[in-house]
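Each chain is listed here by its residues.
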Amino acid sequence: MSITKQRTLDFLDIEWKTYIERFNRLPVEIGQKRVENQGYQQFRDMLAHILAWWEEAMPVILAVAEDRGYERRKYDYDVFNAEAVAKYKDWDEAKFLARFEEMRQKSAADLRSMNEAAWENRRVRAWVNGVFIEHAREHLVALSRFLTLDTLENEWKEYVERFEKVEDKDAFLKKQGVGNFRELLGHVIAWWEVGERIIKGILNDPNFKGEEPETDSFNAELIVKYGKRSDAEVRKEFEEKRLELIRLVSSLPEEAFTNREIEGWLAADVVEHFDEHAING
């Protein structure tokens with residue numbers, strides 16, 4: 001798992017720094033719908049949840065880094081999250097947003113000064129990954145170029161390697177609804193190709209309307225198609241397509257990320273699709 005100091009700082013200095021600003025660019029009704037889909041009544045409640053986990057994580061991370069003792073807690077996540085929302089419910093808006101930004105900056109400063117050896121500690125990496133990296137994907141409400149590229153350059157890059165470390169591969173593949181790994185990779189490749197075609201169509205013609213395949217039949221066709229090919233061939237195609245997507249995303253004009261069609265395809269195909277088929281470990 002590529003949990004490094006620089007990558008974590010980039011999440012704090014880039015992704016989380018612009019998180020509120022990007023959300024505020026959304027039309028009000030779109031933003032509200034996305035927040036409700038996350039299970040929150042308002043954006044501020046979701047920020048309170050994110051903030052509370054930063055506040056919870058940093059003392060643990062620093063204690064481990066400094067080889068100090070700390071209280072180990074078992075979490076009832078529903079209770080913790082409800083308490084986080086309640087804690088900041090009556091705060092003045094400006095004061096609350098200032099607290100969020102203060103904690104972001106302090107977390108970055110503390111992690112920047114943390115000793116290098118601590119980044120090899122599994123507990124440190126687990127907390128950092130959970131509250132700063134995975135949390136950004138989990139609470140994606142307005143996609144950034146940074147998060148798209150990070151997912152392609154880190155998570156998808158390690159996907160094949162992570163699969164090789166899965167102990168019960170048959171159980172994992174069964175849960176994914178495929179018979180073998182090349183069928184799963186083929187499924188990812190093909191949906192990347194659909195999104196890429198639509199994105200390029202929109203860039204060439206703002207009025208372009210791409211047709212999305214019927215999901216079930218398309219996925220069934222992919223299983224047949226990629227089930228007949230060799231592992232090496234499919235893995236090579238997967239890596240080529242991943243690199244091609246990186247080039248495409250890197251070249252997109254900034255306004256592409258405010259186009260809801262383009263943003264929607266990238267969010268679904270690159271970020272959300274990774275977590276849908278995530279390989280833990």
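Preceding this section is the structure that the text describes.
Since the structure is predicted, the reported quantities are computational estimates derived from the model, not experimental observations. (Residues numbered from 1 in each chain as written. Predicted model: local features only at pLDDT ≥ 70, side-chain atom pairs only at ≥ 80, totals over all residues. Heavy atoms only, no water.)

Draft legend 1. Quick peek at the packing of aromatic side chains. With the rule as written, the count across this model stands at 27 aromatic pairs. Taken together, a centroid distance of 4.9 Å and an interplanar angle of 80° make the contact between Trp191 and Phe218 edge-to-face. One end of the pair, Trp191, is in helix α11 (residues 181-204); the other, Phe218, is in helix α12 (residues 215-227), with 27 residues separating them in the sequence. Since its relative accessible area comes to 6%, Trp191 is described here as buried. What makes Phe218 buried here is its relative accessible area of 15%. Here the aromatic residues Trp156, Tyr159, Phe163, Phe172, Phe181, Trp192, Phe238 and Phe274 are joined through ring pairs into a cluster of three or more. Cation over ring: Arg44 sits above Phe96, and NZ or CZ is 4.7 Å from the ring centre. (Phe/Tyr/Trp six-rings, centres within 6.5 Å; stacked < 30°, edge-to-face > 60°. Helix = DSSP H or I, 4+ residues; strand = E, 2+ residues; numbered from the N terminus. Buried < 20%, exposed > 50% of the residue type's maximum accessible area, 1.4 Å probe, protein only. Lys NZ or Arg CZ within 6 Å of the ring centre and 35° of its normal.)

Draft legend 2. Region of interest: helix α10 (residues 169-176). Considered for burial, the residues of α10 that qualify are Phe172, Leu173 and Gln176. Down the axis of α10, the smallest arc covering the buried residues is 95°, so these residues share one side. Across α10 from its buried face, at more than 90 degrees, point the exposed residues Asp170, Lys174 and Lys175. Where α10 is buried, its residues touch α9 (159-164), α11 and α14 (260-276). Directly beyond the C-terminal end of α10, a positive phi value near 80° is found at Gly177. (Arc of directions from axis to C-beta. Contact = heavy atoms within 4.5 Å.)

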